[in-house]
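# Fold and geometry: a report
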Amino acid sequence: MNLQCVKKYDMGGKIGYTHSCNVRLKDKDGMFFVYSSGNGADPGEELIRFKGFEDVILKMFDIDGNLLWEKTLPDGVLPGVWFVPALAFDMDKDGVDEIYVLNNYGAPFSFMHRKLERLDAMTGEITGSWQWPWNTFEERMSLAYRYYIVAGYAHGEPVLVTCQGTYGNMYLQGWNNNMEPRWDIVIKDSDPGPRASHVTPVIDINNDGVDELFWGERLLSLDDGHEIVCLAPNYSGHSDLIAPYLHPENDDDWFIFTCREGDERPDQKRVYVFKPDGSVVWSAVDVGHMHTAWLANIKGEKEGTYRKISMSMQETFVPDDCGFNHEVTGVFFHDAYTGEEVDFKLPYAGYKVLPFDLNGDGYHEFFVTDASGRGDILDCEGNKIAHIDECGAYRFGKMLDLPGEQIMVANGTCFEIWADTDAVDGEVMKRRYKRPYLKFMNKLMATGYNSEGTQVACTI
């Protein structure tokens, strides 16, 4: 292994709240950042704190780190993924992505002055502006200000989707490539079925030529917004994440993993794996708020074989002097295909490591986020194999056209992408990236929690 910093993006100052996504430019890829040198905001009533807020700045670099443009957003824009989602997407089909971002020209909680804007990716020029829907105007803050922008394809045609709401009433609008309305749906809080997830996979899981948006435990057609399947019609809680993955030997056999919070009842487990038709493969954990999770490939019983496992972390909220803290009450490992409990041990707790396949061999390595070993990289048996100094992890996955997967970290005033320059993509890695899903999701990493904890990048 030869771990090297292969790309660097200079933010020009202290790095605070940030999210980013890959962009297709005219002749190469680029990297787009929504950036603030201060704190980020969560609209939760027990979480939002104004001390430490700084301006939100958009920065576009070419893939090699050359700054193309930057733009400071108005002071009504609060830094935070729910207040200023963004994505890169080629709606006009000219081969170059546009940037879509939620801007706000009024007071921080304004509805009247909130606009969906389209920017030229090469120059930052505003090329379109549309009123953001007021749908959640009368709801409490934590429900009102959870906004997403996602995208995908219906029979080859690009579709942009704007969304409001996560836990209560949920509103989604589809837009054609000329930004004319295509569809508009409402899922009321009183309607049966689950709420949304914090991550938003978009993939054609049923091979009908139309992408499905994983809106929590509902799969919605990007063609017309209708519900393809509700995986859990009798559950009214919310899944923190949802992740599709494949059978170990069949690329047409899908599994869907999710972990839950809310609606705790004896007939509703907290961790589920479904088939795309809604049938349950396995379920586990009787009670609790399952707050984060991942999937990873580890070594099987026989030499050269693989085993896919899931990690799910259970926690509770404990009030503190200015909000609440997260208190971990359990960490669970399961075989991803059978639900069998797995005795998987690393030197750090499962929620203190993040999986990615650095060297391309099909087994996941683990980046350590625990303070005592932050920056260490472990193999799937827990051996330290590399280290990155003074860093905070932001994104994982195949962000560059290189073997293996990469990690983006914050280091001083720069974001850096680190890669194993000796990596070789083996058959498992080639199979993972045979479908366009994982590379496409790099464009959706600046909306929702898609980049959090490798929850998207570790799927398939």
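Structure: above.
Notes on the structure follow. (Residues numbered from 1 in each chain as written. Predicted model: local features only at pLDDT ≥ 70, side-chain atom pairs only at ≥ 80, totals over all residues. Heavy atoms only, no water.)

Moving on, we come to the pairing of strand β3 (residues 29–35). Of all the seven residues making up β3, six are buried; the element is thus mostly covered by neighbouring parts of the structure. Relative to β3, strand β2 (residues 18–24) is paired through seven bridges, and the arrangement is antiparallel. From the neighbouring strand, N22 faces β3, where its bridge partner is M31. Hairpin connection, β2 to β3: the antiparallel pair is bridged by four residues. The pairing of β3 with strand β4 (residues 57–62) spans six bridges and is antiparallel. Pairing of Y35 across the sheet is with I57, part of β4. (Buried < 20%, exposed > 50% of the residue type's maximum accessible area, 1.4 Å probe, protein only. Helix = DSSP H or I, 4+ residues; strand = E, 2+ residues; numbered from the N terminus. Pairing = 2+ DSSP bridges.)

Scanning the model with the defined rule gives 34 aromatic pairs in all. Their ring planes at 90 degrees and their centres at 5.8 Å tell us that F33 and F61 sit as a pair that is edge-to-face. Here the residue F33 occupies a position in strand β3, and F61 occupies one in strand β4, the gap between them amounting to 28 residues. Relative accessible area serves as the criterion here: at 0%, F33 is assigned to the buried category. Feature note: the residues F50, F53, F83, F109, F111, W132, W134, F137, Y145 and Y147 constitute an aromatic cluster, connected by ring pairs. A cation sits over an aromatic face here: K275 above F255, 4.0 Å from the ring centre. (Phe/Tyr/Trp six-rings, centres within 6.5 Å; stacked < 30°, edge-to-face > 60°. Lys NZ or Arg CZ within 6 Å of the ring centre and 35° of its normal.)

In this section: unusual backbone geometry. At N207, a position not held by glycine, the phi torsion is positive, near 55 degrees. Secondary-structure assignment places N207 in the loop between β14 (202–203) and β15 (212–215). N207 sits in the partly exposed class, given a relative accessible area of 49%. Here the phi dihedral of V285 falls at roughly 70 degrees; this positive angle occurs in a residue that is not glycine. As for its position among the elements, V285 is in the loop between β21 (280–284) and β22 (289–299).

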